[in-house]
Amino acid sequence: ANMDVADVEWDPDPPQVAVPRHGKESKKVSTRVMMPEDALHNSIIPHLISQLDKQEITQAEFAATFILAYTVQRLPLKSPLLGKKERTSSDGLAHDKHYTKHRQRASSDASTSEQEEDEEDVLQYFPISSLPDPCPPTPIPRSGSYPASFLKVYYPSAAHLSLSDIYGSYKVYKVPQDVQTCLVEWLAYRIPAVLMFHIPSPHEVWTMQCEGKRVVTAFIPNGNNGHSSTSGQSTYTSEEETRAARDPLLFLVHDMQHLVKFVSPAHYVEQVGFHNTYARLPSWYWEDYMQADPQCRADMEYMMSDMNGSSVFALSYFKHKLMEAFSRKIYPDSEAHTKQEHQPKTYYAIFRSSDDRAQFYVIYSEVLGVWGMDEGAREAALCLCTERFDHQVHSKSLRDFFKQAGRRKLG
């Protein structure tokens, strides 16, 4: 079922390049077949899609191979597998002992002891059987055979490695370390990621995050994620689609970086809790702000789909943007987002009077009431975006509230 060398289409007389080895082997060279771009787009990627459709490979294996194939194709004169601290192996691959398999730990501004105390195992909320990633009924032996199919042709010195070996023990060129670690975890069914071939709407991303999942997109240029035109070529309906088509590798890696932040043990549960809490906003918010104010809708859709990390930061963003939207509503003739430069820590300058500010806090307090915030979290939410906010005390109150909401959702 695995892709065989015979399945790969390439020029009968492909160009060959001398690839320098590393370290003591630097004077020797190995000859490698260059991967034509047509072979990548017309043979290798379509074959991977076919394997995924037949459930011969998993979504994680598709994403990992997609990144590797693009990297090999773009680096005909360099080794795609490198390391910051290299230890040359006998086959010329630069092995990095620092890129070993380990769980991703989020880098937060909290201290190490606080971070370890806050971390929760994502896997406890998503047993393997509940993940959306399809697993073949009979596991395919990966070691030594996958993704050796195209590597045998285009990068033979890595053909003996499995995907977990590659991303767990080597530095893939220009792929961030946390993304590599995340791929290893995804390959092992330890994180709730969902692969798509189209760019989802902000609402789709948000809905998935409410369920504790995060989407990553492998965009196929001129593929079925485009929109057919009369010329037979794919046209793209948004700036984001055009950007994804321009560099599918960079787009997927960027999505993986969002996934890293979403499944971070330090923030995963509170993020799920925040998104489910946000969903309980009163009806007037959706009608008077999300529908009636295009700028508010754009701001909030960014928060819903493109902001991962601390729930405290997400709530401060929500409060600030709601202030701006409220100001646009009562001051239609002015720029509501203008702040006084001498008050960088507050947003009071948005309002022209204390009465206007008090009106805002009436509706904001109603939101906090609908959310069911306890006294400590409510006080913290009211102080947020002001100089009265105590980062140590108030942040803990808010994070605890959203964690409780996340645990209720995840079970």
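(A) Spotlight on the pairing of strand β7 (residues 193–196). Across the two faces of β7 the burial is the same, with Ala-193 and Leu-195 and Val-194 and Met-196 all buried. Relative to strand β8 (residues 214–217), β7 runs parallel, the two being bridged by four bridges. What sits directly across from Val-194, in β8, is Val-215. With respect to chirality, the unit in which β7 leads through helix α7 (residues 202–210) into the neighbouring parallel β8 is right-handed.

(B) Main features of the pattern of salt bridges. Summed over all chains, the structure comprises eight salt bridges. Across the pair Arg-74 and Asp-247 runs a salt bridge, and its minimum N-O distance is 3.0 Å. A residue pair is termed long-range when its members are at least 10 positions apart, and Arg-74 in helix α2 (residues 59–74) and Asp-247 in the loop between α8 (239–246) and α9 (248–262) qualify at 173 residues. A relative accessible area of 22% means that Asp-247 is categorised as partly exposed. Among the salt bridges present, the one from Lys-409 reaches Glu-211, with a minimum N-O distance of 3.2 Å. Pair noted here: Lys-409 is in helix α16 (residues 391–410) and Glu-211 is in the loop between α7 and β8, with a separation of 198 residues, a long-range link. With a relative accessible area of 41%, Glu-211 lands in the partly exposed category.

(C) Local environment of helix α11 (residues 283–291). Listed in full, the buried residues belonging to α11 are Trp-284, Tyr-285, Tyr-289 and Met-290. All buried residues of α11 fall inside an arc of 160 degrees around its axis, so they share one side.

(D) Local environment of empty space enclosed by the protein. With the rule as written, the count across this model stands at three cavities of 30 Å³ or more. Around the second largest cavity sit Gln-271, Phe-274, His-275, Met-303, Met-307, Asn-308, Gly-309, Ser-310, Ser-311 and Ala-314, which together line it. Mapped by element, the contributors of at least two residues to the lining of the second largest cavity are α10 (268–278) and α13 (311–330). Of the residues forming the lining of the second largest cavity, the biggest block, three residues, is contributed by α10.

(E) Spatial organisation of the packing of aromatic side chains. Under the defined criterion, the tally for this structure stands at 23 aromatic pairs. With 6.4 Å between their ring centres and 45 degrees between their planes, Trp-206 and Trp-286 make a pair best called tilted. Of this pair, Trp-206 sits in helix α7 while Trp-286 sits in helix α11, placing them 80 residues apart in sequence. Residue Trp-206 is classed as buried on the basis of its relative accessible area of 8%.

(F) Fine view of the nonpolar core. Ranked by internal contacts, the top residues of the largest apolar core, which has 60 residues, are Phe-62, Leu-81, Phe-150, Leu-151, Tyr-167, Trp-186 and Met-256. Within the residue set of this core, elements represented by two or more residues are α1 (37–53), α2, α4 (148–154), α5 (163–169), α6 (177–187), β7, α9 and α10. Take this core: its biggest share by element is ten residues, from α2. Ignoring anything within four residues of it in the chain, the contact list for Phe-62 reads Ile-45, Leu-48, Ile-49, Leu-52, Ile-57, Leu-195, Phe-197 and Ala-218. With 45 residues, the next largest nonpolar core counts Val-312, Tyr-331, Ala-381 and Phe-389 among its residues.

(G) Representation of the environment of Leu-368 within the structure. For Leu-368, the location among the structural elements is in helix α14 (residues 354–371). Linking Leu-368 and Leu-281, residues 87 residues apart in sequence, is a C-alpha distance of 9.0 Å. Those residues in contact with Leu-368 that lie beyond four places of it in its chain are Met-373, Arg-378, Ala-381 and Leu-382.

(H) Structural context of the confidence of the model for the chain. Taken over all residues, the pLDDT of the chain has a mean of 76, while the share at 70 or more is 68%. Between the elements of the chain, mean pLDDT differs from a low of 32, seen in strand β9 (residues 227–228), to a high of 97, seen in α10. For residues 83–116, every residue scores under 50 in pLDDT, and the model assigns this stretch 70 contacts once sequence neighbours within four places are set aside. A low-confidence stretch, residues 131–146 stays under pLDDT 50, and its non-local contacts, those more than four residues away or across chains, total 45 contacts.

Calculation notes
Residues numbered from 1 in each chain as written. Predicted model: local features only at pLDDT ≥ 70, side-chain atom pairs only at ≥ 80, totals over all residues. Heavy atoms only, no water. Buried < 20%, exposed > 50% of the residue type's maximum accessible area, 1.4 Å probe, protein only. Helix = DSSP H or I, 4+ residues; strand = E, 2+ residues; numbered from the N terminus. Pairing = 2+ DSSP bridges. Right-handed = clockwise from strand over helix to strand, strands pointing away. Salt bridge = Lys/Arg side-chain N within 4 Å of Asp/Glu carboxyl O. Arc of directions from axis to C-beta. 1 Å grid on protein atoms, 1.4 Å probe; cavity = no way out; pocket = protein on both sides within 12 Å on 5 of 7 lines; lining within 4 Å. Points joined across faces, edges and corners; volume = space filled by probe spheres on them. Phe/Tyr/Trp six-rings, centres within 6.5 Å; stacked < 30°, edge-to-face > 60°. Core = buried A, V, L, I, M, F, W, Y, C linked by side-chain atoms within 4.5 Å. Contact = heavy atoms within 4.5 Å. pLDDT = per-residue confidence, 0-100.

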